[in-house]
Structures are given as C-alpha cells and as structure tokens.
Amino acid sequence: MSLPYRIAADHVRLSVRLTPNGGRDAIEGVEVNGDGEAYVKVRVTAVPEKGKANKALIALLAKRLGMAKSSIEITSGDTARQKNLRLDGEPEVLIAKLTALLSG
C-alpha cells in the first residue's frame, strides 16, 4: 500500500483530499486514487469561500496531531480538493503521530 506522506529532512509532505461543507469535521482515513497515489480523506463543515475550508483543515490537523497551526502549510492545491501540505517538525515524530491518527 502506498503512503499518503513523504519524508524530508525537516518536515513531512502530506497528501489530502478535502471535502468542504462535509457536515462534520473528521479525518476519515487513507484512500488511493486511480493513479495509485494515496491521500488522507478529510471533511470539514466550513464552506470553500475565502480560504475558510483550508483554515478549518489546518486547524483540524493541528489539533489532532498536537502541533501548532503555524507548523502546517498548504503548498499546493489551495483552491482544489486535492492538496499537498507541509508539516514542519521532526519527521520521525510526525510519522508516529500520523500513523496513530490514521490507524485509530
């Protein structure tokens, strides 16, 4: 199974598919698209206007991973559902937190 993240020296790149107006804020696990690329499926109640859904995504991930919102940045896909995020921090710690979050 492919993983929804890539490890770098001082951060982790995370692939996410965001569903705004999703009825609840939830991280729903890992899925694989038609190209075989894995991503984390996330839904938020915020609307996709003026960056509200992106802010809700960052807030949800920061809370669930126990990290500062300022340590999470959307690097691509600002206006798309498919997004790539940069999670700043020690990669081993971040991977452990992501693994716990996605397996629970």
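Refer to the structure printed above.
Calculation notes
Residues numbered from 1 in each chain as written. Predicted model: local features only at pLDDT ≥ 70, side-chain atom pairs only at ≥ 80, totals over all residues. Heavy atoms only, no water. Helix = DSSP H or I, 4+ residues; strand = E, 2+ residues; numbered from the N terminus. Rg over C-alpha atoms; globule rule 2.2 N^0.38 Å. Buried < 20%, exposed > 50% of the residue type's maximum accessible area, 1.4 Å probe, protein only. Contact = heavy atoms within 4.5 Å. Areas by Shrake-Rupley, 256 points an atom, 1.4 Å probe, with all protein chains shown as cover. Core = buried A, V, L, I, M, F, W, Y, C linked by side-chain atoms within 4.5 Å. Expected span 1.5 Å × (residues − 1). Salt bridge = Lys/Arg side-chain N within 4 Å of Asp/Glu carboxyl O.

Q: So what exactly am I meant to see when it comes to the overall build of the chain here?
A: Each helix and strand in the chain was counted, giving two helices and six strands. When its helices and strands are written in sequence order, the chain yields β-β-β-β-α-β-β-α. The globule rule puts the C-alpha radius of gyration for 104 residues at 13 Å, and the 13 Å found for the chain is close to it. Along the first, second and third principal axes, the C-alpha atoms of the chain reach 35 × 30 × 25 Å. Split into buried and exposed, the 104 residues of the chain put 41% on the buried side. Partitioning the contacts of the chain with sequence separation of at least 6, the portion at a separation of at least 24 is 53%. Total accessible area on the chain is roughly 5,900 Å²; 48% of this is exposed by carbon and sulfur atoms.

Q: Explanation requested: the nonpolar core in the structure shown.
A: Soluble globular proteins tend to pack their nonpolar side chains together in the buried interior. In this structure, Leu14, Val42, Val44, Ile72, Leu85, Leu87 and Leu98 are the most contacted members of the largest nonpolar core, which totals 27 residues. In terms of residue count, the dominant contributor to this core is helix α1 (residues 52-65) (eight residues). Here Leu87 is in contact with His11, Val12, Leu14, Leu65, Met67, Ser71, Ile72, Leu94 and Leu98, once residues within four sequence places are set aside.

Q: Is there a simple way to think about α1 in this case?
A: Along an α-helix, residues three or four positions apart point the same way, because every turn accommodates 3.6 residues. Here α1 contains 14 residues, and its C-alpha end-to-end distance of 20 Å stays within 8% of the 20 Å for a straight helix at 1.5 Å per residue. When we look at burial in α1, the residues that qualify are Ala53, Asn54, Ala56, Leu57, Ile58, Leu60, Leu61, Ala62 and Leu65. Looking at the buried positions of α1, the neighbouring elements they touch are β2 (11-19), β3 (26-32), β4 (38-43), β5 (72-76), β6 (82-88) and α2 (91-103). Directly after α1, the chain includes Gly66, whose backbone phi takes a positive value near 65 degrees.

Q: Looking at this structure, I do not really get the pattern of salt bridges. What am I missing?
A: Two side chains bearing opposite charge may form a pair once their charged atoms approach each other closely. One pass over the structure, following the stated rule, counts five salt bridges. Among the salt bridges present, the one from Arg43 reaches Glu28, with a minimum N-O distance of 2.7 Å. Linking Arg43 in strand β4 with Glu28 in strand β3, this pair joins segments that are 15 residues apart in sequence. In this structure, Arg86 engages Asp88 in a salt bridge whose closest nitrogen and oxygen atoms are separated by 2.5 Å. Here the residues in one salt-bridge network are Asp10, Arg86 and Asp88, joined through shared partners.

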